[in-house]
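# A structural walkthrough
For reference, the chains in residue letters:
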Amino acid sequence: MTNKPEENQTVEKEDISKGGIESGGPYDVVLRNITHYYGSNMVLKDISLAIKRKEFFGILGPSGSGKTTTMRIIGGFVIPTTGEVYLQNELMGRKPPYSRNTTMVFQHLALFPHMKVFDNLAYGLKVRRVQREEIKVRVKKVLEVVHLEGFGDRYPKQLSGGQQQRVALARALIVEPSVVLFDEPLGSLDLKLRREMQIEIKNIQRRLGTTFIYVTHDQQEALNMCDRIALLNEGRIEQIGTAEEIYERPNTRFVADFIGDINFIEGTVVSSDGKKLTIESDGLSLKAEAVSPLKKGKPTTICIRPERILMGGDTKKCDTILSGKIVNIVYSGAVRRCIVRLSNGGTVKVDLDAKDTADFRVDDETRIGWFTGDEVLLFNKA
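Structure report, in brief. Position numbers for residues count from 1 along each chain, tracking the sequence in the order it is written. Where totals are concerned, whole chains, interfaces and linings use all residues; where local detail is concerned, this predicted model gives features only for residues with pLDDT of at least 70, and gives and counts side-chain atom pairs only at 80 or more. Hydrogen atoms and water are omitted, and side-chain values are computed over all heavy atoms in the structure.

### Digging into the overall build of the protein chain
Heads up, the condition is: A run of DSSP states H or I qualifies as a helix once it reaches four residues; a run of E qualifies as a strand once it reaches two. Both are numbered from the N-terminal end. Exposure is judged per residue with a 1.4 Å probe applied to protein chains only, and the accessible area is read against the type maximum: over 50% gives exposed, under 20% gives buried, and values in between give partly exposed. Between two residues, a contact is recorded if the distance between any of their heavy atoms is within 4.5 Å. Only four residue types enter the charge count, namely Lys and Arg as positive and Asp and Glu as negative; His and the chain termini do not. Charge positions are represented by NZ for Lys, CZ for Arg, CG for Asp and CD for Glu.
Across its full length, the protein chain carries 9 helices and 20 strands. Dimensions of the protein chain, computed from the C-alpha atoms along their principal axes, are close to 75 × 60 × 35 Å. Residues counted as buried form 47% of the 382 residues belonging to the protein chain. Contacts in the protein chain between residues at least 24 apart in sequence constitute 66% of all its contacts with a sequence separation of at least 6. Across the protein chain, the centroid of the 55 positively charged side chains sits 3 Å from that of the 50 negatively charged ones.

Put into structure tokens, the structure is as follows:
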């Protein structure tokens, strides 16, 4: 008979590795084999991950991927159907949110409109029976952290959207949690303010060294802010890694397609010299890095980012060079995107510095190319 673990159990490095998680903490959050159902609908499927102390960790994915449920399980708002949650080495079991040393910042800030900023911030401390003088000190300190000194006497309606967001963050920080959870907090802000707040939140996290867990569906936001990212799809983790790892070396087609923009070229391996593969795609010959031994006839997909592709005279030294015709040019400020139709009828997106596209016109015949190693290969089932 298997004994049910008690809530005061701790998680050891060897235990973590059993759940498919790298050892080498310390960890503030560990999820082990989390599965969760809403009714008969399985929304999380055997999720395991470990979030390091002082880490800015992103949970990214499309709507319905399970990212908010994952965060709510960490915070204790949802108890998983199966699996274990550890916070700072302690098994949480069925502990409610108020018994966990976490706080949450929501997209809808839920500030008390009838209370001044000071009282909004002091509320959580009063509930915890903190002494009045200490409350004053901590409110002053946290207002300095979020650069709102002198705003304590204002009501939320007297603040801009960005200032309200800072108050919500200050309210989460003032109780000195081990982990702060963010549920798409910047979704209601305009683009410019959202970018400013991304930088500000990241700077605050670095200064404080508090573990932040940030849920978002915005790929660029996750890349800009997070030390590491877990990308979810249909309740499963597709890949965990740094922003650079996920962008440059996606493990699956979903990851490659969801993060940034990319070209997919289907082909078949026709030869290998041990360092480079030759891949045939509808009459085109392409080169790719030989990342693993592959047999002739192996179907594969070449993934190449638009900004990795060169065009025109710059392709002279490229390993792969293809002929095509420019069918569209789209201006987007610093970058112009050229859509090139290849000789076999396929199209490829090429992103060039705007100043470098002056000599290119729609209907021009051109060449595109890239260097071996700039592509990623995904291997298909034969």
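Having put the structure on the table, let's press on.
### Some remarks on the packing of helix α3 (residues 117–127) against helix α4 (residues 132–145)
Selection rule: Between the N-to-C directions of two axes lies an angle of 0 to 180 degrees, each axis being a line fitted to C-alpha atoms and, for a helix, fitted only over the stretch in contact. Each angle receives one of four descriptions, namely roughly parallel if under 35 degrees, roughly antiparallel if over 145, roughly perpendicular if within 65 to 115, and oblique otherwise. If you view the pair so one helix is near and one far, a crossing is left-handed when the near helix is turned anticlockwise from the far one by less than a right angle, and right-handed when it is turned clockwise.
Viewed as axis vectors pointing N to C, α3 and α4 meet at an angle of 125°, and their least axial separation amounts to 10 Å. Taken together, the axis directions place α3 and α4 in an arrangement best described as oblique. Judged by the sense of rotation from one axis to the other, the crossing of α3 with α4 is right-handed. Contact residues: Val-117, Phe-118, Leu-121, Ala-122, Leu-125 and Lys-126 in α3; Ile-135, Lys-136, Arg-138, Val-139, Val-142 and Leu-143 in α4.

### As for the side chain of Thr-102
Note on placement: Thr-102 falls in strand β6 (residues 102–106). Setting aside residues up to four positions removed in sequence, Thr-102 forms contacts with Gly-75, Leu-87, Pro-177, Val-179 and Leu-181.

### Quick notes on unusual backbone geometry
Unusually for a residue other than glycine, Arg-129 sits at a positive phi of about 60°. Within the secondary structure, Arg-129 is located in the loop between α3 and α4. With phi around 60°, His-147 is a residue other than glycine that occupies positive phi space. Among the structural elements, His-147 can be located in the loop between α4 and α5 (161–173).

### Thoughts on the side chain of Thr-301
The test is simple: As used in this structure description, the phrase polar contact means that two N or O atoms lie within 3.5 Å; if the pair is within protein, one of them must be able to donate a hydrogen and the other to accept it, and residues adjacent in sequence are counted only when both atoms belong to side chains.
With respect to the helices and strands, the residue Thr-301 is situated in strand β14 (residues 299–304). Judged by its relative accessible area of 2%, Thr-301 falls in the buried class. One polar contact links Thr-301 to Glu-266, side chain to side chain, over a distance of 2.6 Å.

### Re the sheet that holds strand β13 (residues 284–289)
Pairing between sheet strands relies on hydrogen bonds along the backbone, with the strands arranged either parallel or antiparallel. For the record, the criterion: At least two DSSP bridges between two strands are needed for those strands to be called paired.
Strands sit in the order β13-β12-β11-β14-β20 across an open sheet of 5 strands; the sheet is antiparallel. For this open sheet the edge positions go to β13 and β20 (376–379), each flanked by a neighbour on one side alone. Strand-to-strand twist in this sheet, taken as the mean axis angle between neighbours without regard to direction, amounts to 45°.

### Here we look at the pairing of strand β7 (residues 179–183)
Where we set the bar: Here a crossover is taken to be right-handed if, once the strands point away from the viewer, the path from the first strand over the helix to the second is traced clockwise.
A large share of β7 lies buried, amounting to 5 of its 5 residues. Burial along β7 is two-sided: the residues Val-179, Leu-181 and Asp-183 and Val-180 and Phe-182 are all buried. Bridge count between β7 and strand β8 (residues 211–216): 5 bridges; the pairing is parallel. Residue pairing across strands places Leu-181 opposite Ile-213, the latter belonging to β8. Assessed by its sense of winding, the connection that carries the chain from β7 through helix α6 (residues 191–208) to β8 is right-handed.

### Re the environment of Tyr-27
Residue placement: Tyr-27 occurs in strand β1 (residues 27–38). For Tyr-27, a relative accessible area of 8% corresponds to the buried category. Linking Tyr-27 and Phe-56, residues 29 residues apart in sequence, is a C-alpha distance of 12 Å.

### Some words on the packing of aromatic side chains
Both the distance between ring centres and the angle between the ring planes are used here to describe each pair of aromatic rings. Our working rule: Each Phe, Tyr or Trp ring, with Trp reduced to its six-membered ring, pairs with another whose centre is within 6.5 Å; inter-plane angles below 30 degrees give stacked pairs, above 60 give edge-to-face pairs, and intermediate values give tilted ones.
For the coordinates displayed, the defined rule picks out 6 aromatic pairs. Their ring planes at 65° and their centres at 5.1 Å tell us that Phe-112 and Tyr-123 sit as a pair that is edge-to-face. Taken as a pair, Phe-112 in the loop between β6 and α3 and Tyr-123 in helix α3 lie far apart in primary sequence, 11 residues in all. Both rings, one in Phe-254 and one in Phe-258, keep their centres 5.5 Å apart while their planes meet at 15°; by these two values the pair is stacked. Separated by 4 residues within a single helix, Phe-254 and Phe-258 lie in helix α9 (residues 253–258), roughly one turn from each other. Look at Phe-254 and you get partly exposed, because its relative accessible area is 22%. Note on Phe-258: relative accessible area 13%, which makes it buried.

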